[in-house]
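These are the residues of each chain, in order.
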Protein chains: 2
Amino acid sequence: MVTLNDVAKKANVSKMTVSRVINHPEQVTDELKELVYEAMSELNYRPNAAAIALAHNRTQIIKLLILEEMTVTEPYYMFLLTGIANELDKYSYSLQLLTHKNIQIGDSDGYIVCGMRSKDEELVKSLKKPVVLFGENDFGLDFVDSDNVKSMAKATEYALEKDYDHIVYLGIDVNEPFAQSREKGYTETMDKYGKEKHIYRLENRSRYSAAFIRDHWDSFSKNTLFLCASDRLAMGVIREIKERGGNIPEEYGVIGHDGVFLDQIAYPQLTTVKQAIDEMGAACARMVLDKVKAGGKSQGNQLFETDIKIGGTTRNN
Amino acid sequence: MVTLNDVAKKANVSKMTVSRVINHPEQVTDELKELVYEAMSELNYRPNAAAIALAHNRTQIIKLLILEEMTVTEPYYMFLLTGIANELDKYSYSLQLLTHKNIQIGDSDGYIVCGMRSKDEELVKSLKKPVVLFGENDFGLDFVDSDNVKSMAKATEYALEKDYDHIVYLGIDVNEPFAQSREKGYTETMDKYGKEKHIYRLENRSRYSAAFIRDHWDSFSKNTLFLCASDRLAMGVIREIKERGGNIPEEYGVIGHDGVFLDQIAYPQLTTVKQAIDEMGAACARMVLDKVKAGGKSQGNQLFETDIKIGGTTRNN
DNA sequence: ATCTTTTTTGTTATCGGTAACACATCGAAT
DNA sequence: ATTCGATGTGTTACCGATAACAAAAAAGAT
């Protein structure tokens, strides 16, 4: 293992100078900096996370709390995870994973929390280190999320462009900000164009959206598009439209939301709103590290834009 | 933060004695041990992982290498990950995540490797620390996996019990041990009962299995069961059988393999072979830690049994 | 009772970094 | 020329644990 000392010897300086080159480069002359950089890259120096942690009375660990039941969600957590992990790695930080089944809150320098619902407020607020949420919230906690309002507004506009007469919104039946924001994006856009709104809220499972389509089938005239708050809901809608002999995308359109995995399994491939999940993961990581560095000072929010990913469930005119 | 020193003072001993109580309790008299235990629990002492790591020239980090493209796979990695993470946590170890896009092989004490294919042999064998694979392999590397042969044998037996006349096996078209083992489970069982085998191998995507059903539809008499090497293949089969107007489960049966996520999305819910993925994750973690402790000595293999999870795609007689 | 040997406990140095302080060096101000 | 402050670099101590050694205490041998 290459240490600061090895680099220092090679560059003919003290190890403190090397440390400074890394942490406070402005305090070192360009000449020495050059020498040190050279030595570092020649020896392929990697800082020892344990030593840094010990010197700083830190752990170099960020814990990721997943409060949601993983089987109920889109499997996008892997992308979030890799986004976080890669970013943390750059700063010699490691990630530890906690699930609602296993909340052993040992030591860490900070937390990233996913899938938080109102009932988790107490738990999250009891954490004694900086916290960043993945997902909008009303509790004044710093967060990173997609811009859910804009996202659904975009999707609604797209649906209108494609000349579907009726646009029915299928939301997720939870009283949480992300769900409200998505609904708001739909509502605002429909109002803007003076279109009639149709909003239904369902539990986020394909069988319920399928059942919904079955139960209301007669009330949907042709040329209707179903704008779904998740790909999972969209899956059920597609399944049941096909079951009823409806034609996709000519008679009925479907748009989902998330664009992680299910949209590829669907047939026809789902038109969906794709989130930049790995980037958001990286953003969570950066934000929590910044917050650690700033002694826990709030870092505000960060919203990411989404993109429509066009599949075969919307018509192509 | 409570340190060894704090405990030592409280118990009126040197910190070395405390360290010994933790690591080599047989070297300390019962009397002192008692005192130390008491002090530890009163102060709620937790060892500092960074300090341990530094003193041992270790990192207390295990890296997880995911060599597969994550979008192509069942999203079971989350379960594997939590299994691994929870187990590592018990020993003050953290997990770091590496993907094929981001193989920064920094420092760690060992590796768990997933989704390894033959082409990765060189990479994996070049790792300088103990390695454990998740997944069978022919390279003599230690691994943890489901007992794929037994798993498919069980599924085949189940299909025969349910009185399907023809059992068609849809395998995954890769030349890897796990695929061969699953096929072997089918083959051996069919031979045992003197049944005629039908084996096809496809790329692991639902559209290919759907296309396969379409192309061969006329050759499948009723009362056929499709035994699929993955839930993803099974999804395509179900979709296309429904498209052709075939009745599931009476005329056609479908069994998948994995039982992580897709089986719940399918309609009817898929009969599948469920793997105990979180347990296997924990086993991977234990194995790699044992291997670290043993200085890299091989730890052999560990196979896990699977369970049939009955859904609506097989008949219920 | 004295000298070994063994067992038990304490001391010191060390792992790889960083903060705080000490010490040069240098130009500007008096 | 002397003093001063600013700037750049090196020294020392320390973060929390452990290994290796040293010392003290207890047990056994003569």
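Note: the structure precedes this text.
These lines cover the structure that appears in this document, whether it is placed above or below. Just so you know, these numbers come straight off a predicted model, no measurement behind them. (Residues numbered from 1 in each chain as written. Chains lettered and ligands numbered in written order. Predicted model: local features only at pLDDT ≥ 70, side-chain atom pairs only at ≥ 80, totals over all residues. Heavy atoms only, no water.)

Turning next to the pattern of salt bridges. Tallying each qualifying case throughout the model produces 39 salt bridges over all chains. With its nearest N and O atoms 3.4 Å apart, the salt bridge here joins B:R315 to B:E250. With B:R315 in the segment after β12 (307-309) and B:E250 in the loop between α10 (231-243) and β9 (252-255), this residue pair connects regions lying 65 residues apart in the sequence. Assessed through its relative accessible area of 11%, B:R315 is described here as buried. You can call B:E250 partly exposed: its relative accessible area is 47%. Residues joined by salt bridges that share partners form a network here, namely A:E87, A:K90 and A:R286. (Salt bridge = Lys/Arg side-chain N within 4 Å of Asp/Glu carboxyl O. Helix = DSSP H or I, 4+ residues; strand = E, 2+ residues; numbered from the N terminus. Buried < 20%, exposed > 50% of the residue type's maximum accessible area, 1.4 Å probe, protein only.)

The next subject is the protein's contact with DNA strand D. Near DNA strand D you find 26 residues, and of these A:T17, B:L4, B:S19, B:N23 and B:Y45 are the closest. Sugar plus phosphate, as a fraction of atoms of DNA strand D within 4 Å of the protein: 65%. Taking A:N57, its side chain carries an N or O atom lying 3.1 Å from a sugar or linking oxygen of DNA strand D. If you list the elements that add at least two residues to the surface near DNA strand D, you get α2 (15-23) and α4 (49-56) of chain A together with α2 (15-23) and α4 (49-55) of chain B. (Near = heavy atom within 4 Å. Polar contact = N/O pair within 3.5 Å; in protein donor to acceptor, adjacent residues only side chain to side chain.)

A separate point is the interface of chain B and chain A. Counting residues at the interface gives 46 residues for chain B, matched by 46 residues for chain A. Taking both partners together, chain B and chain A bury about 3900 Å²; carbon and sulfur atoms supply 62% of that area. Taken as a group, B:M78, B:F261 and B:I265 account for 15% of the area that chain B buries against chain A, more than any other trio of residues on that side. Joining chain B to chain A, the criterion identifies zero salt bridges. Put simply, the parts of the chain that give the side of chain B that touches chain A at least two residues each are α4, β1 (61-66), α5 (77-90), β2 (94-99), α9 (206-216), α10 and α11 (262-265) of chain B. By residue class, the composition of the side of chain B that touches chain A is 24 nonpolar, 13 polar and nine charged. (Contact = heavy atoms within 4.5 Å. Buried area = accessible area lost by both parts, 1.4 Å probe. Nonpolar A, V, L, I, M, F, W, Y, C, P; charged D, E, K, R; others polar.)

Residues and elements named next belong to chain A. Strand order in the open sheet formed by four strands is β7-β6-β8-β9, and the pairing between neighbours is parallel. Edge positions in the open sheet fall to β7 (198-202) and β9 (252-255), since each of these has one partner strand only. On average, adjacent strands in this sheet sit at an angle of 20 degrees to one another, irrespective of strand direction. Pairing between strand β6 (residues 166-172) and strand β8 (residues 224-228): five bridges, direction parallel. Residue pairing in the sheet places Y169 in a bridge with L227 of β8. Packed on one face of the sheet, helix α8 (residues 177-192) meets β6, β7 and β8 and runs near 170 degrees to β6. In this fold helix α10 (residues 231-243) packs onto β6, β7, β8 and β9, with an angle of close to 160 degrees to the strand it touches most, β9. (Pairing = 2+ DSSP bridges. Axes fitted to C-alpha atoms, helices over the stretch in contact; angles between N-to-C directions.)

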